[in-house]
Amino acid sequence: MKLGIVGLPNVGKSTLFNSLTKAGAESANYPFCTIDPNVGIVTVPDERLKLLGDMYRSKKVTPAVIEFVDIAGLVKGASKGEGLGNQFLSNIREVDAIIHVVRCFEDPNVVHVDGSVDPMRDIETINLELIFSDLEILERRLSKVAKAARMDKTQAKELALLERIKEHLESGKPAKTLTVEDEDEAELFKGYNLLTGKPVIYAANVSEDDLADDGASNEGVKAVRDFAEQENSEVFVICAQIEQEIAELDEDEKAMFLEDLGLSESGLEKLIKASYRLLGLISFLTAGEDETRAWTIKVGTKAPQAAGKIHTDFERGFIKAEVVNYRDLLEQGSLAAAREKGLVGMEGKDYVVKDGDVILFRFNV
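Residues numbered from 1 in each chain as written. Predicted model: local features only at pLDDT ≥ 70, side-chain atom pairs only at ≥ 80, totals over all residues. Heavy atoms only, no water.

Participant: Looking at this structure, how should I read the overall build of the protein chain?
Facilitator: Tallying secondary structure elements over the protein chain gives 14 helices and twelve strands in all. Evaluated residue by residue, the protein chain yields a buried proportion of 48% over its 365 residues. Nonlocal contacts in the protein chain, meaning residues at least 24 apart in sequence, comprise 68% of its contacts between residues at least 6 apart. Per element, the accessible surface of the protein chain, about 18,300 Å² overall, is 49% carbon and sulfur. (Helix = DSSP H or I, 4+ residues; strand = E, 2+ residues; numbered from the N terminus. Buried < 20%, exposed > 50% of the residue type's maximum accessible area, 1.4 Å probe, protein only. Contact = heavy atoms within 4.5 Å. Areas by Shrake-Rupley, 256 points an atom, 1.4 Å probe, with all protein chains shown as cover.)

Participant: Please explain the pattern of salt bridges as it appears in this structure.
Facilitator: As enumerated under the stated definition, the model contains 29 salt bridges in all. For aspartate 313, the salt bridge goes to arginine 316, with nearest N and O atoms at 2.6 Å. In this pair, aspartate 313 and arginine 316 are both assigned in helix α12 (residues 312–316), three residues apart and thus about one turn of the helix distant. Within the structure, one salt-bridge network assembled from shared partners comprises Lys2, Glu67 and Glu94. (Salt bridge = Lys/Arg side-chain N within 4 Å of Asp/Glu carboxyl O.)

Participant: Teacher, can you tell me more about helix α1 (residues 13–21) here?
Facilitator: Within an α-helix, residues lying three or four positions from one another point in the same direction, as the helix has 3.6 residues per turn. Of all nine residues in α1, nine are buried; the element is thus mostly enclosed. Considered for burial, the residues of α1 that qualify are Lys13, Ser14, Thr15, Leu16, Phe17, Asn18, Ser19, Leu20 and Thr21. Backbone geometry just after α1 places lysine 22 at a positive phi near 55 degrees.

Participant: Honestly, empty space enclosed by the protein in this entry has me stumped. Any pointers?
Facilitator: Regions of empty space are outlined by a rolling probe, equal in size to a water molecule, passed over the atoms. Evaluation of the coordinates by the stated rule reveals two cavities of 30 Å³ or more. When contributions to the lining of the largest cavity are tallied by element, the ones reaching two or more residues are β5 (97–103), α4 (119–149) and β6 (200–205). It is α4 that provides the largest number of residues to the lining of the largest cavity, a total of four residues. Across the lining of the largest cavity, the residue classes break down as nine nonpolar, three polar and two charged. In this structure, the second largest cavity spans a volume of roughly 30 Å³. Lining the second largest cavity, in full, are Leu211, Val237, Ile238, Cys239, Glu243, Leu263, Glu265, Ser266, Gly267 and Lys270. Among the elements of the structure, β7 (234–238) and α10 (267–279) are those that each provide at least two residues to the lining of the second largest cavity. The residue makeup of the lining of the second largest cavity, split by class, is five nonpolar, two polar and three charged. (1 Å grid on protein atoms, 1.4 Å probe; cavity = no way out; pocket = protein on both sides within 12 Å on 5 of 7 lines; lining within 4 Å. Points joined across faces, edges and corners; volume = space filled by probe spheres on them. Nonpolar A, V, L, I, M, F, W, Y, C, P; charged D, E, K, R; others polar.)

Participant: Can you help me understand the packing of aromatic side chains in this one?
Facilitator: Working definition: an aromatic ring pair is given by the centre-to-centre distance plus the angle between the planes. In the structure shown here, the tally under the stated rule is five aromatic pairs. Note on tyrosine 202 and phenylalanine 227: the rings are 6.0 Å apart at their centroids and 75 degrees apart in plane angle, and the pair reads as edge-to-face. Of this pair, tyrosine 202 sits in strand β6 while phenylalanine 227 sits in helix α7 (residues 219–230), and the two are 25 residues apart along the sequence. Judged by its relative accessible area of 1%, tyrosine 202 is buried. Overall, the relative accessible area of 22% leaves phenylalanine 227 in the partly exposed class. Ring centres of phenylalanine 318 and phenylalanine 361 lie 6.4 Å apart, and the angle between their planes is 65 degrees; this geometry places the pair in the edge-to-face category. Taken as a pair, phenylalanine 318 in strand β10 (residues 318–325) and phenylalanine 361 in strand β12 (residues 357–363) lie far apart in primary sequence, 43 residues in all. (Phe/Tyr/Trp six-rings, centres within 6.5 Å; stacked < 30°, edge-to-face > 60°.)

Participant: It is not clear to me how the pairing of strand β1 (residues 2–6) should be interpreted in this structure. Could you clarify?
Facilitator: Each regular strand shows side chains that alternate between the opposite faces of the sheet. Of all five residues that make up β1, five are buried, and the element is covered over most of its length. Alternating positions in β1 separate into two faces, Lys2, Gly4 and Val6 on one and Leu3 and Ile5 on the other, with burial throughout. Summarising the sheet, β1 and strand β4 (residues 65–70) pair through four bridges and their orientation is parallel. Across the sheet, residue leucine 3 finds its bridge partner in β4, namely phenylalanine 68. Two elements, β1 and β5, share four bridges in a ladder whose sense is parallel. Opposite glycine 4, over in β5, you have isoleucine 98 as the bridge partner. (Pairing = 2+ DSSP bridges.)

Participant: So what exactly am I meant to see when it comes to the confidence of the model for the protein chain here?
Facilitator: Interpretation of this model should avoid reading the predicted coordinates in detail wherever pLDDT is low. Of all residues in the protein chain, 88% have pLDDT values of 70 or greater, and the mean over the chain is 86. In the predicted structure, residues 24–35 sits below a pLDDT of 50 and forms 33 contacts with residues beyond four places in sequence or in another chain. (pLDDT = per-residue confidence, 0-100.)

Participant: I would appreciate a short explanation of the side chain of glutamate 234 in the present structure.
Facilitator: Inspection of the secondary structure assignment puts glutamate 234 in strand β7. Within the structure, glutamate 234 has its side chain in polar contact with the side chain of arginine 277 (distance 2.9 Å). Ignoring any residue separated from it by four or fewer positions in sequence, one finds glutamate 234 in contact with Val200, Ile201, Tyr202, Ala274, Arg277 and Leu278. (Polar contact = N/O pair within 3.5 Å; in protein donor to acceptor, adjacent residues only side chain to side chain.)

Here's what the structure looks like:
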């Protein structure tokens, strides 16, 4: 999973990236401090892995990972080349989802590029730039398809879709809120890789005072939540400065620090949960003496395709999947004991993998 962190200059974007990845991206109180996208790989916290690894005495425990890309601050006119312009926009095209950091805190020491703090204005600024960039791509595709559509029914159908998307974008709506009519349209839509077609998670960056009640008393956060609900996006409240402090602590210190703040989990944990929900992802597990590992798949993935995540041979020669829920496995203490209790299922090609399944694949090639 690859997530792009975006936002206007000085909203806390690079501070958040630093805290998430400990990668040390330069963070300063002036625009365009981040010029090249900074990339950091973050492991997905998963207590199930440690417990299973301990049970099997695994030599290696491998968590799932997320790649974060910190992209230069966007300004009004980026789609026309202002600021870092198209360089920024091309970097977003490569990600699975966008984390849009929105400033919801006042601080006279941190300048705002537009002179005042207004989360909804900031969201509109970035969304409009993304829409303008998408319209530019559609225009190029439209001129190409329009010529062929006179003689080809398939091209005519695509032309109709392109015109619908164009009209939708011109009304100020992101592409992801457009309803496609069938699978053919869905496939075409996906191929355009539109920026406003990507899922969005809004990171409402608040002061430490607003963190304890999850931003409930912050008017800016309320506005962001209302907006996100309309477009089926996710929101999580974060204090980027606090996250940076948490990132410097070891696990025990982190737990105490979070408790003192009245928090049950870090911003990174909240973000990962929001990302998995938004992208419809779950994890299944494999466990043994050599390695215990988490594998990320889409909700609804069937056993052979899940096996293919490990190796293409596993999918090609799939016979059966031996499946047990991780809780049952831990409670019984071994796969053999879980089998005796009838807690292990032998599943075929139509089995839909569930979050937390521990699977042993049987295959033959």
